[in-house]
Amino acid sequence: MTAIDVAILLFLAITAVTIARIRDLWAAVMFTGIYSFLSASWMLLLDAPDVSFTEAAVGAGISTVLMLSTLALTGTTEKASGAKFRPIPFMVVVLTGCMLIYGTLDMPQIGDPSDPIHIHPSPSFVERTQGDMHGLPNVVTAVLGSYRGYDTLGETTVVFTAGIAVLLILRRGKEEDSKTGGRPGSAAASGDNA
Amino acid sequence: MKTFPIIRVVTKILIPYILLFGCYVQFHGDYGPGGGFQAGVIFASGLILYGLVFGLDAVRTVAPPRVIEKLMSLGVLIFAGTGVLTMLLGGNFLDYDYLEHHVLPGILPTGQHLGLFLVELGVGVTVTAVMTMIFYAFAGRVQAKHVQAKQEPTP
């Protein structure tokens with residue numbers, strides 16, 4: 001582990017604790033954005049630039065914006081929970097944490113070629129893509145788009161279905177239509193002003 | 001946001017590059033890191049940034065909700081359509097080897113490359129449209145609340 005790894009993991013932990021403890025929701029949303037950006041940097045250090053792109057754009061960008069618009073609709077402070085120190089939940093959390101840390105001791109080294117994930121599906125997978133894909137170098141795209149095309153089609157459908165569901169819940173029917181109908185006129189008016 | 005000239009100017013400079021980077025991640029995804037989903041969210045975040053700085057009405061003029069709505073389903077249609085196309089050409093569903101052709105070899109992608117290109121395009125279109133549409137849905141509610149708050153005291 002280099003100093004950068006340690007620094008990013010440390011910042012991740014600090015940000016997580018801050019999010020859990022802070023009562024000002026606006027600040028908490030900002031901290032989740034920071035957390036996502038740190039995760040994106042961490043993914044980049046783990047040589048996963050694809051995941052890093054996604055985390056930076058979705059986590060730090062879009063979801064922060066959506067959380068802020070939700071706050072604009074609800075409110076920006078959380079009621080104090082009147083928290084007393086409860087020993088049993090505390091013990092459960094500490095025990096679970098210890099078990100998880102104990103579990104990581106058995107994990108293989110990062111990038112070890114004898115990892116189960118590198119051996120299990122087929123050791124020749126990486127070699128086979130060169131021939132199968134006519135020399136397209138990106139194995140990740142080949143696996144996602146071609147070898148597991150069904151999965152990706154399913155994922156795309158999930159994104160589509162989620163979008164439809166959000167629209168069905170949040171859309172405001174007629175009002176929205178009349179607004180979009182009035183849009184060109186108002187846009188032209190503001191254009192004249194400029 | 002008319003009171004923040006620095007934000008407006010910097011955003012105007014940044015947005016073309018964000019969209020260009022989105023296109024790069026989309027169309028270069030077969031060679032480098034990236035692909036449809038990443039490109040979709042980058043493209044959508046460019047649109048959302050424009051909406052945040054210049055207002056919901058401005059971004060709705062650029063990307064009208066009616067068009068974006070249709071793009072949501074068009075992406076899935078491109079993806080599934082590629083699969084149906086390979087079936088019509090005699091192969092299995094999503095078996096891109098059957099897309100092999102000999103028109104302009106070396107210039108147009110062919111076979112597996114063409115299949116991946118189409119499929120990633122479908123993913124990119126759907127993800128861009130869904131993300132933008134969700135932003136419209138949220139921001140539209142916020143705008144409606146502000147309009148209500150302004151109208152209520154007058155009568």
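Conventions used here
- Residues numbered from 1 in each chain as written.
- Chains lettered and ligands numbered in written order.
- Predicted model: local features only at pLDDT ≥ 70, side-chain atom pairs only at ≥ 80, totals over all residues.
- Heavy atoms only, no water.
- Helix = DSSP H or I, 4+ residues; strand = E, 2+ residues; numbered from the N terminus.
- Buried < 20%, exposed > 50% of the residue type's maximum accessible area, 1.4 Å probe, protein only.
- Contact = heavy atoms within 4.5 Å.
- Areas by Shrake-Rupley, 256 points an atom, 1.4 Å probe, with all protein chains shown as cover.
- Phe/Tyr/Trp six-rings, centres within 6.5 Å; stacked < 30°, edge-to-face > 60°.
- Core = buried A, V, L, I, M, F, W, Y, C linked by side-chain atoms within 4.5 Å.
- Domains from an automatic or database assignment.
- pLDDT = per-residue confidence, 0-100.
- Buried area = accessible area lost by both parts, 1.4 Å probe.
- Salt bridge = Lys/Arg side-chain N within 4 Å of Asp/Glu carboxyl O.
- Polar contact = N/O pair within 3.5 Å; in protein donor to acceptor, adjacent residues only side chain to side chain.
- Patch = residues over 30% accessible without salt bridge, like charges linked within 9 Å, V, L, I, M, F, W, Y side chains within 5 Å.

Next up on the list: the overall build of chain B. Secondary structure summary: chain B contains five helices and zero strands in total. Start at the N end of chain B and walk to the C end: the helices and strands fall as α-α-α-α-α. The buried share of chain B, reckoned over its 155 residues, is 46%. Considering only contacts in chain B between residues 6 or more positions apart, those separated by 24 or more positions represent 58%. Carbon and sulfur atoms form 71% of the exposed surface of chain B, whose accessible area is close to 7900 Å².

Overall, the coordinates contain seven aromatic pairs over all chains when judged by the stated rule. Measuring from ring centre to ring centre gives 5.4 Å for Phe85(A) and Phe90(A), while their planes differ by 55°; the resulting arrangement is tilted. Look at Tyr150(A) and Phe93(B): their rings are 5.7 Å apart centre to centre, the planes differ by 25°, and that puts the pair in the stacked class. Note that Tyr150(A) is positioned in helix α8 (residues 149-170) and Phe93(B) in the loop between α4 (65-88) and α5 (111-151), a pairing that runs across two chains. On the accessibility criterion, Tyr150(A) (54% relative accessible area) is exposed. A network of ring pairs unites the aromatic residues Phe53(A), Phe21(B) and Tyr24(B) as a single cluster.

This part takes up the nonpolar core. Soluble globular proteins: nonpolar side chains tend toward being buried together. Of all hydrophobic cores here, the largest spans 44 residues; its most connected members are Ile62(A), Met72(B), Phe135(B) and Tyr136(B). Of all the elements in the fold, those that place two or more residues in this core are α3 (49-73) and α8 of chain A together with α2 (36-54), α3 (56-62), α4 and α5 of chain B. Examining the composition of this core, we find that 15 residues originate from one element, α5(B), more than from any other. When residues of this core are assigned to domains, at least three fall in each of domain 1 (1-77) and domain 2 (121-177) of chain A. Residues in contact with Tyr136(B), not counting those within four places in the same chain, are Leu56(B), Val59(B), Arg60(B), Ala63(B), Pro65(B) and Ile68(B).

All names here are of chain A. Scored by pLDDT, chain A has a mean of 81; 84% of the residues are at 70 or more. Mean pLDDT values over the elements of chain A span from 43, in helix α9 (residues 173-193), up to 94, in helix α4 (residues 87-104). Low pLDDT, under 50, characterises residues 176-194; the predicted model gives this stretch eleven contacts beyond four residues in sequence or across chains.

It is worth spelling out unusual backbone geometry at this point. For Asp47(A), which is not glycine, the phi dihedral falls at a positive 65°. With respect to the secondary-structure elements, Asp47(A) resides in the loop between α2 (25-45) and α3. By relative accessible area, Asp47(A) is classed as exposed at 67%. Phi is positive for Leu94(B), close to 60°, though the residue is something other than glycine. Here Leu94(B) is to be found in the loop between α4 and α5.

One can find Ser69(A) in helix α3. Residues within four places of Ser69(A) in sequence aside, it is in contact with Phe138(B) and Val142(B).

The subject of this paragraph is the interface of chain B and chain A. By a frequent convention, interface size equals the accessible area lost on bringing the separate parts together. Every contact between the two is made by 53 residues of chain B and, on the other side, 46 residues of chain A. Summed over both sides, the interface between chain B and chain A buries roughly 4400 Å², with carbon and sulfur atoms accounting for 73% of that surface. Together, Leu116(B), Phe138(B) and Arg141(B) form the three largest contributors to the area buried by chain B at its contact with chain A, with a combined 13%. Counting the contacts that link chain B with chain A gives zero salt bridges. At the boundary of chain B with chain A, the tally comes to nine residue pairs in polar contact (both at pLDDT 80 or more). Breaking the side of chain B that touches chain A down by element, the ones donating at least two residues are α1 (5-27), α2, α3, α4 and α5 of chain B.

With that out of the way, let us pick up a nonpolar patch on the surface. Together, Phe85(A), Phe90(A), Met91(A) and Val94(A) give the surface a local cluster of nonpolar side chains, amounting to about 430 Å² of exposed area. Checked against the element boundaries, Phe90(A) lands in helix α4.

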